[in-house]
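# Observations on the model geometry
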Amino acid sequence: MSLYDLAPTAEDAGIHIQNLTVSYDTDRGRFNALKNVTLDIRPRHITGFIGESGSGKTTLAMAMMNAIQPPGRIDGGAILLDGAGDVLQLRGEPLRRLRGRYFGFVFQASSNSLNPLKRVGAQLMDLGRSHGISDLRGLLREAKALAERIGLDGDRVLTSYQHELSGGMRQRVGLVFALVLKARILILDEPTTALDMLTQQAVLEIVRSIHQEQGLTTIVITHDMGVVAEMADRVVVMYAGRVVEEGPTFSLLTNPQHPYTQGLIRAIPRITGNLDDAKPLPGSPPDLATIPTKGCVFRERCYARTSVCDTVDPVPTSAHGDGLVMCHGVDAS
Amino acid sequence: MIEARNLVKTFPARGGLLAQKAVQAVKGVSFVIPDGGAVAFIGESGCGKTTIGRILSGFETYDSGEIYYNGEDLSALPPRTRQERLRKVQLIQQDPYAALNPARTIYQSLAAPLSWEAKRRHKEKGWIERRAREVLELVGLNPDVVLGKYPHMLSGGQRQRIVIARALTVEPDVLVADEAISMIDVSLRLGILTLLQTLRRDYGIALLFITHDIAAARYIGHDGRMYVIYQGEIVEEASTDELIRSPVHPYSQALLSAVPVLRGLERPGQDRYIPLGEFSVTETSGCRFAPRCRFAHDLCQKEKPPLIPWEQEDHRHACHFPTPRRVVAEPLEGHS
């Protein structure tokens, strides 16, 4: 009896990723951006995807919507969405409708995802039309209410061009676009990377309260452990296209099992405590072309490397109560 | 040593039908960058901190005020001579992707400033490559590996190291790092900070660290000095440790509060406070921060607070009601 046999309520949208493999075709050959990822994303939780550039966190989020573009390709696996079945089996119009109904995606650079030549309101109407909404007036009304809910001046924002808005405001407009069609799953890709600390806190606060209010399934993709620590219920640590550790935020932060997670936490510049306690993580972020095909993908940067790491792929081991870790060092102990 | 007194910079109004008002980005700022010192400017986007960095590195002019460079007043010099004097102040910008020419190898990027330097100092031919290898080693890169590469073949952290190496080709007195780590992977940020620290310690290069990330600014050195900038004005200044331990201006406290708390490893400061509104640039005769300040009184709306000492002479603030508050996170037992 698996988890998804329990009928979810009409509103709850959990995501169950099974054995997902995604590869990219490059001029240097075909490389796996994700390899055998199996993961449950819980409804009504905020899940943080953390990892360096090239770790596959954005690819994983795109794959959930079956939105991998060539030269990328989904090679295998399933993505079961509560109440909708396997997203990877859908094509064309049904897929588009499913995305519109379930997913709201806030892009990394919201400034780049808005049309510079159209007012925000006109772009909202385009969004409504492309999803077959007849009551465009109602849509605008809702967008305005939503904008005001998250601290924007609704009238002003709807009549603005994107260059008239500050970075924090654009990011909030991105949220309005993502939520106005009543998305059940909110995905934020690096929502605060270009923002200063005060604006970052304001955006995180808004996401947190909207998430609660609407009972969303929220995914935050970030490379900043601070962002995850502030808002995520659970953390998924990714490295070179693998989930290397997963679990509740508190447990993962206080008791990280994987050497990579330990290194990430130790590398955070902290506001208090001894300056010398922070240590940079050695080496460079993974490059798809140089990821070893056999053995542990992190071994080149690992302090606990042993001979078994060179030849044998680590398997998921239970950790953090209901989480997992993939490391030979943890297996042994 | 660089000393700036009362620096003012106004960006002219843009014309057209809807003429915009002139923007005064820097409103009379004074500070000192000692030889081999570490200074941080802290503030939100749009507070003018970047403009100050650009003025110091000769990319921008200033309207009034003085800059003394090793005792010489640059304001009196013609712009070209001034720029020549500021050659030893090198700017490292936020985006290492945009700072390097994608069509040039790393060697070509480094050789350009070096050949200029070689001509000036009448060096022989082999000097350029020798020096290029030297600066790459200084920033912790292997010259044999990177010299022939193009920027796209390197990670963000490696690219930022190249940008720093290029700045080192002129043997600078001061490095101005403007959000130099904010676009780099978190795991690599600390490495860049450590590199800047090392350059300061071993070669006496002063650092001006411009950022909104106070936690990172702390890593340029214990003995550093912080200036908190709000809308083009200094609202608080103190040694790094003092400012983090006992900030008295509500804006400094807001910035310190906004540093993410690592739950489980840290507990939030008991007075943590985060204003959610964005700043407006409406003119006021009072304190500019008052509209966003939860501790503002009538006086704050009417009268502008001067920058005055708090307890010690070197901790200064511009607030009518300075109050120390505990806003930064504290490490929990066993997880320092």
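Refer to the structure printed above.
By convention here, each chain's residues receive numbers from 1 onward along its written sequence. The lettering of chains begins at A and the numbering of ligands begins at 1, in the order of writing. Per-residue local features of the predicted model are confined to residues with pLDDT of at least 70, and side-chain atom pairs are confined, for both listing and counting, to 80 or more; whole-chain, interface and lining totals are unaffected and use all residues. Hydrogens are left out, water is left out, and the side-chain values use all remaining heavy atoms of the structure.

Let us look at the overall build of chain A. Check the secondary structure of chain A and you find 13 helices and 12 strands. Overall, the C-alpha framework of chain A stretches about 65 × 50 × 45 Å when taken along its three principal axes. For each residue, the accessible area found with a 1.4 Å probe, counting protein chains only, is set against the maximum for its type, and the residue is called buried under 20%, exposed over 50%, and partly exposed in between. Looking at the 333 residues of chain A, the share that counts as buried comes to 56%. Considering only residue pairs separated by 6 or more positions, chain A has 63% of its internal contacts joining residues 24 or more positions apart. The Shrake-Rupley method, run with a 1.4 Å probe, gives the accessible areas here. Residue values count only the displayed protein chains as cover. For chain A, the accessible area works out to roughly 13,900 Å², and carbon and sulfur atoms hold 52% of it. Between the centroid of the 34 positive side chains of chain A and the centroid of its 36 negative side chains there is a distance of 4 Å. Helix and strand definitions follow DSSP, with helices as H or I runs of at least four residues and strands as E runs of at least two, each counted in order from the N terminus. Residue contacts are counted whenever heavy atoms from the two residues lie within 4.5 Å of one another. Working convention for charge: Lys and Arg count positive, Asp and Glu count negative, and His plus the chain ends are omitted. Taken as the charge location is NZ of Lys, CZ of Arg, CG of Asp or CD of Glu.

All names here are of chain A. Read from one edge to the other, the open sheet built from 4 strands follows the order β2-β1-β4-β5, with strand pairing classed as antiparallel. Pairing within the sheet leaves two strands with one partner each, and these edge strands are β2 (29-41) and β5 (85-86). In this scheme, strands are said to pair when DSSP sees at least two bridges between them. Looking at chain direction, strand β1 (residues 15-26) and β2 are connected through 9 bridges and run antiparallel. Looking across to β2, one finds that Asp25 is bridged to Arg30. Lying on the sheet, helix α1 (residues 57-64) is in contact with β1, β2 and β4 (72-81); it crosses β1 at an angle near 115 degrees. Angles shown run from 0 to 180 degrees and are taken between the N-to-C directions of axes, each axis being a line fitted to C-alpha atoms and, for helices, limited to the stretch in contact.

Attention now moves to helix α7 (residues 186-203) of chain B. Residue and element names in this part refer to chain B. The span expected for a helix works out to 1.5 Å for each residue beyond the first. Given a rise of 1.5 Å per residue, 18 residues ought to cover 26 Å, and the 26 Å separating the end C-alpha atoms of α7 matches this to within 8%. Taken together, the buried positions of α7 are Val186, Ser187, Leu188, Arg189, Leu190, Gly191, Ile192, Leu193, Leu195, Leu196, Leu199 and Arg200. Directly after α7, the chain includes Gly204, whose backbone phi takes a positive value near 65 degrees.

This paragraph deals with the environment of Leu127(A). Residue and element names in this part refer to chain A. Mapped onto the elements of the fold, Leu127 is located in helix α4 (residues 120-130). Along the sequence, Leu127 and Gly14 sit 113 residues apart, while their C-alpha atoms lie 25 Å from each other. Excluding residues that lie within four positions of it along the chain, Leu127 makes contacts with Phe177, Val180 and Leu181.

A pair of Phe, Tyr and Trp rings is counted when the ring centres sit within 6.5 Å of each other, with Trp represented by its six-membered ring. The angle between the planes then sorts it: under 30 degrees is stacked, over 60 is edge-to-face, the rest tilted. For the coordinates displayed, the defined rule picks out 11 aromatic pairs over all chains. On the numbers, 4.7 Å between centres and 50 degrees between planes, the contact of Phe105(A) with Phe107(A) is tilted. What makes Phe105(A) buried here is its relative accessible area of 13%. Taking the centre distance of 5.7 Å and the plane angle of 90 degrees together, the rings of Phe41(B) and Tyr227(B) count as edge-to-face. In this pair, Phe41(B) is assigned in strand β3 (residues 38-42) and Tyr227(B) in strand β9 (residues 225-230), connecting sequence segments 186 residues apart. Phe41(B) sits in the buried class, given a relative accessible area of 1%. Exposure remark for Tyr227(B): the relative accessible area of 3% places this residue in the buried category. Linked through ring pairs, Tyr239(A), Tyr260(A) and Phe298(A) together constitute an aromatic cluster. By the criterion adopted, a ring carries a charge over it if an Arg CZ or a Lys NZ lies within 6 Å of its centre and within 35 degrees of its normal. Positioned above the aromatic ring of Tyr227(B) is the side chain of Arg225(B), whose terminal nitrogen or guanidinium carbon lies 5.8 Å from the ring centre. The ring of Phe295(B) carries Arg325(B) above its face, with NZ or CZ at 3.5 Å from the centroid.

Moving on, we come to the side chain of His320(A). Residues and elements named next belong to chain A. Structurally, His320 can be placed in the loop between β11 (317-319) and β12 (323-325). Whenever two N or O atoms come within 3.5 Å, that pair is a polar contact, provided that in protein one can donate a hydrogen and the other can accept it, and provided that, for residues adjacent in sequence, both atoms are side-chain atoms. There is a polar contact of 2.6 Å between the side chain of His320 and the side chain of Ser251. Sequence-distant contacts of His320, that is, excluding residues within four places in its chain, are made with Glu245, Glu246, Gly247, Pro248, Ser251, Leu252, Asn255 and Gln257.

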